[in-house]
Amino acid sequence: MKKTIVSILMMAFFLVSFTNSGNAQKPDYEKYGRIAMAVVQADFPGAPIREYEYLGRKNIDASKAEDGFRFKVQENNQNLFVIIKVNHDLTNKKLINLTVESQKQ
């Protein structure tokens, strides 16, 4: 009986310690992903976003980086890929430049 209780308590501790998402750190590109999503929604109002992909980060220099995002948008029954590149400062976490590029599929 004691072994069962100890096993249950250990399992509960394990689950709580590894599934506690409150302590999980958010990716640092999340802020720029939300900005990119808002830009796509503003540029293509009413068009559903079908896919979203984080393309990765390119370091420009020691304090600047570029994060890339790709969205698949359906506009007028036609699929478009929208590439958003966000240049930002790593030290003060401020946006420097944002570019939008559309490509037909």
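Residues numbered from 1 in each chain as written. Predicted model: local features only at pLDDT ≥ 70, side-chain atom pairs only at ≥ 80, totals over all residues. Heavy atoms only, no water.

Peer 1: Any chance you could break down the overall build of the protein chain for me, citing the residues and the numbers?
Peer 2: Regarding its fold elements, the protein chain presents two helices and four strands. Listing the helices and strands of the protein chain from first to last along the sequence gives α-α-β-β-β-β. Taking all 105 residues of the protein chain together, 23% fall into the buried category. A sequence separation of at least 24 residues applies to 41% of the contacts in the protein chain between residues at least 6 apart. (Helix = DSSP H or I, 4+ residues; strand = E, 2+ residues; numbered from the N terminus. Buried < 20%, exposed > 50% of the residue type's maximum accessible area, 1.4 Å probe, protein only. Contact = heavy atoms within 4.5 Å.)

Peer 1: Any chance you could break down the pattern of salt bridges for me, citing the residues and the numbers?
Peer 2: Between side chains of opposite charge, pairing is possible as soon as their charged atoms come close. Applying the stated criterion across every chain, the model contains four salt bridges. A salt bridge links R70 to E53, with the shortest nitrogen-to-oxygen separation between them at 2.8 Å. Taken together, the positions of R70 in strand β2 (residues 64-75) and E53 in strand β1 (residues 49-59) put the pair 17 residues apart, joining distant regions of the chain. Owing to a relative accessible area of 27%, R70 belongs among the partly exposed residues under this scheme. A salt bridge links R57 to D67; the nearest nitrogen and oxygen atoms lie 2.9 Å apart. Of this pair, R57 sits in strand β1 while D67 is found in strand β2, placing the two residues 10 residues apart along the sequence. Exposure remark for R57: the relative accessible area of 30% places this residue in the partly exposed category. (Salt bridge = Lys/Arg side-chain N within 4 Å of Asp/Glu carboxyl O.)

Peer 1: Report on the confidence of the model for the protein chain, specifying residues and quantitative values.
Peer 2: A low pLDDT means the predicted coordinates there should not be read in detail. Mean pLDDT over the protein chain stands at 81; residues scoring 70 or higher make up 75%. In the predicted structure, residues 2-10 sits below a pLDDT of 50 and forms zero contacts with residues beyond four places in sequence or in another chain. (pLDDT = per-residue confidence, 0-100.)

Peer 1: Go over the sheet that holds strand β3 (residues 78-89) with me, naming the residues and quoting the values.
Peer 2: The strand order across the open sheet formed by four strands is β1-β2-β3-β4, and the pairing between neighbours is antiparallel. The sheet is open, and its two borders are formed by β1 and β4 (95-104), each paired with just one other strand. Ignoring strand direction, the axes of neighbouring strands in this sheet form an average angle of 15 degrees. As paired strands, β1 and β2 are joined by nine bridges and run antiparallel to one another. Bridging from a neighbouring strand, R57 pairs with D67 of β2. On top of the sheet, helix α2 (residues 30-43) reaches β1, β2, β3 and β4; it is set at about 35 degrees to β2, its chief contact. (Pairing = 2+ DSSP bridges. Axes fitted to C-alpha atoms, helices over the stretch in contact; angles between N-to-C directions.)

Peer 1: Go over the nonpolar core, please, and point to the residues and values.
Peer 2: Ranked by size, the top nonpolar core spans 13 residues in total, and within it V40, F44, F69, F71, V73, V82 and I84 carry the most contacts. Those elements that provide at least two residues to this core are α2, β2 and β3. Residue contacts for V82: discarding those within four places in its chain leaves V40, F44, F69, R70, F71, V73, V100, E101 and S102. (Core = buried A, V, L, I, M, F, W, Y, C linked by side-chain atoms within 4.5 Å.)

Peer 1: Can you tell me about the environment of I96, naming the residues and giving the values?
Peer 2: Among the secondary structure elements, I96 is positioned in strand β4. On the basis of relative accessibility, which here comes to 46%, the residue I96 falls in the partly exposed class. Separated by 32 residues in sequence, I96 and K64 have C-alpha atoms that sit 8.9 Å apart. Filtering out sequence-adjacent residues up to four positions away, I96 remains in contact with K64, N87, H88 and D89.

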